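# An overview of the molecular structure
So you can see what is in the structure, the chains are spelled out below.
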Amino acid sequence: MTTSLFDAFDLAGLPLANRIAMAPLTRNRSPRAVPLPLTATYYAQRASAGLLITEATAISHQGQGYADVPGLYTPEALAGWRAVTDAVHARGGKIVVQLWHVGRISHKDLQPGGQAPVAPSAIQAQSKTYLIDANGQGGFVPTSAPRALEASELPGIVEDYRRAARAAIDAGFDGVEIHAANGYLIDQFLRSGTNHRTDAYGGPIENRTRFLFEVVAAITAEIGGARTGIRLSPVTPSNDAFDPEPQPLFEHVARGLAPYGLSYVHVVEGATGGPRDHRQGELPFDYAAFKQAYRQAGGQGAWILNNGYDRALAEQAVASGAADLVVFGKAFISNPDLVERLRQNAPLNAWDASTFYGGGAHGYTDYPTLAQQAQA
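Model, not experiment: these values are computed from the prediction.

A tally of regular secondary structure across the protein chain gives 12 helices and 14 strands. Its C-alpha radius of gyration of 19 Å places the protein chain within 12% of the 21 Å reference for a compact globule of 376 residues. By its C-alpha atoms, the protein chain is 65 × 55 × 35 Å across when sized along the principal axes. Split into buried and exposed, the 376 residues of the protein chain put 57% on the buried side. Long-range contacts, defined here as pairs at least 24 residues apart, represent 73% of the contacts in the protein chain between residues at least 6 apart. Here the protein chain displays about 14,300 Å² of accessible surface, and carbon together with sulfur accounts for 52% of that area. The centroid of the 30 positive side-chain charges in the protein chain is displaced by 2 Å from the centroid of its 35 negative side-chain charges.

Leu99, Phe211, Ile230 and Phe328 are the most contacted members of the largest nonpolar core, which has 97 residues in total. Leaving out residues up to four positions away in the same chain, Leu99 has contacts with Thr57, Ile59, Leu72, Tyr161, Ala164, Ala165, Val176, Glu177, Ile178, His179 and Ile219. Counting residues in hydrophobic clusters, the runner-up holds 12 residues, among them Trp100, Val102, Leu110 and Tyr184.

A separate point is the UniProt feature "domain: NADH:flavin oxidoreductase/NADH oxidase N-terminal" (unreviewed entry) in the protein chain. Within the UniProt annotation, "domain: NADH:flavin oxidoreductase/NADH oxidase N-terminal" (unreviewed entry) is assigned to residues 5–349. Between the C-alpha atoms that bound residues 5–349 the distance is 20 Å, and the span itself is 32% helix and 18% strand.

Turning our attention to the pairing of strand S4 (residues 51–58). By the criterion of burial, S4 is predominantly enclosed, with 8 of the 8 residues buried. Note: strand S3 (residues 20–22) against S4, 2 bridges, orientation parallel. Across the sheet, the residue bridging to Met22 is Leu52, located in S4. Relative to strand S5 (residues 95–100), S4 is paired through 5 bridges, and the arrangement is parallel. Within S5, the residue paired with Ile53 across the bridge is Val96. In this region the chain leaves S4, passes through helix H2 (residues 75–90) and returns to the parallel neighbour S5; the handedness of that crossover is right-handed.

What follows deals with the layout of surface pockets. Quantified by volume, the largest pocket comes out at close to 940 Å³. Taken together, 37 residues form the lining of the largest pocket, with Pro24, Leu25, Thr272, Gly273 and Lys330 sitting closest to its centre. Put simply, the parts of the chain that give the lining of the largest pocket at least two residues each are S5, strand S7 (128–132), strand S14 (325–328) and helix H10 (330–334). Among the elements that make up the lining of the largest pocket, the one with the highest residue count is H10 (3 residues). By residue class, the composition of the lining of the largest pocket is 18 nonpolar, 15 polar and 4 charged. The computed volume of the second largest pocket comes to approximately 160 Å³. In terms of lining, the second largest pocket is formed by Ser30, Arg32, Ala33, His61, Gln64, Tyr66, Asp68, Val69, Tyr73, Leu110 and Ile132. Looking at the lining of the second largest pocket residue by residue, the class counts come to 6 nonpolar, 3 polar and 2 charged.

Attention now moves to the sheet that holds strand S12 (residues 264–268). Ordered in space as S3-S4-S5-S10-S11-S12-S13-S14, the 8 strands form a closed barrel in which the pairing is parallel. For this sheet, the mean angle separating the axes of adjacent strands, direction not counted, is 25 degrees. Running over the sheet, helix H1 (residues 37–45) touches S3, S4 and S5 and is turned about 150 degrees from S4.

Now for the pairing of strand S11 (residues 228–232). Here S11 lies mainly inside the structure; 5 of its 5 residues are buried. Where strand S10 (residues 175–179) meets S11, 4 bridges bridge the pair, whose relative direction is parallel. Residue pairing in the sheet places Glu177 in a bridge with Gly229 of S11. With 4 bridges connecting them, S11 and S12 associate as parallel partners. Within S12, the position partnered with Gly229 by the bridge is Tyr264. In this fold, S11 hands off to helix H7 (residues 246–257), which returns the chain to S12; that crossover is right-handed.

Calculation notes
- Residues numbered from 1 in each chain as written.
- Predicted model: local features only at pLDDT ≥ 70, side-chain atom pairs only at ≥ 80, totals over all residues.
- Heavy atoms only, no water.
- Helix = DSSP H or I, 4+ residues; strand = E, 2+ residues; numbered from the N terminus.
- Rg over C-alpha atoms; globule rule 2.2 N^0.38 Å.
- Buried < 20%, exposed > 50% of the residue type's maximum accessible area, 1.4 Å probe, protein only.
- Contact = heavy atoms within 4.5 Å.
- Areas by Shrake-Rupley, 256 points an atom, 1.4 Å probe, with all protein chains shown as cover.
- Lys, Arg positive; Asp, Glu negative; His and termini not counted.
- Charge placed at Lys NZ, Arg CZ, Asp CG, Glu CD.
- Core = buried A, V, L, I, M, F, W, Y, C linked by side-chain atoms within 4.5 Å.
- UniProt positions renumbered as here; feature names shortened; annotations may be inferred.
- Pairing = 2+ DSSP bridges.
- Right-handed = clockwise from strand over helix to strand, strands pointing away.
- 1 Å grid on protein atoms, 1.4 Å probe; cavity = no way out; pocket = protein on both sides within 12 Å on 5 of 7 lines; lining within 4 Å.
- Points joined across faces, edges and corners; volume = space filled by probe spheres on them.
- Nonpolar A, V, L, I, M, F, W, Y, C, P; charged D, E, K, R; others polar.
- Axes fitted to C-alpha atoms, helices over the stretch in contact; angles between N-to-C directions.

What follows is the structure, given as structure tokens:
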């Protein structure tokens, strides 16, 4: 019998109603890094997804890179997240939080004491971040020049990841997703384009992956592999991320992740939010070999695919066994009942990109469901 996108799935003991996941989507609606009651409404509206992955959430003040994104490091933020997890669970949903340290993708105005952002190496990103001015107007500005982290600082950041993972479980999340993609701190360590270190964390692949594995080890030791997923983006150019040889790098990552008993590996194919066939280096990335490296090393976590999926492509990925779950992003912004719309093959609401970042309920919790449209 062919597996369907709408079949239930057992995610390392967590029962999911279907194989559709909601992508982490930054919305910049958490002033002082605290999720608002409106945030609980937003996620609860989308609880019919098999798995909700929250917007990226900073593990520490140093990990912040964009204005009004949530955190996991203050009592107020954890109380805000508890309201979110309670609301999602009341609707029968499952939700994990994405753990984030942005590294160099930040601005000194967002950092403790106005200090420089931190990175593996003092290389400024050709990228932008989002600030809100004194008049409440948001906009994108170039990132600030970072400073290189001392090796002696890294255990403290690993501890921040561990502490945030524990806080997430205590706040009611069903698990966490380690954000190791899209040119943020962990990804910056992985890639030779952003990591020019000459110590034990730079140079050969074994050194550049060291920080990632230290983070994974700390989190899985704290909350268990079955509650821990990871997001990877082998070839995305997001946030000035580059490595000329992604295949050996990420196959090494895959083999190294296998022993940790992760609940899932979440793979962004191609350029995040862009072409699925984007490549870095001379050859196209071999995603099947990437997955095979993980499986042959004993990795049993679910394989979750992301980027540019529509209903037909997602059904094909699940039916063929290429994916256990498929992630949808922007379509969830404008369609709180996306699962039902996909099930019926119904038209989708168009999204309003001007409301993606910052603001209030408009463009956040006011998109109609099919049922509401039928009553109008």
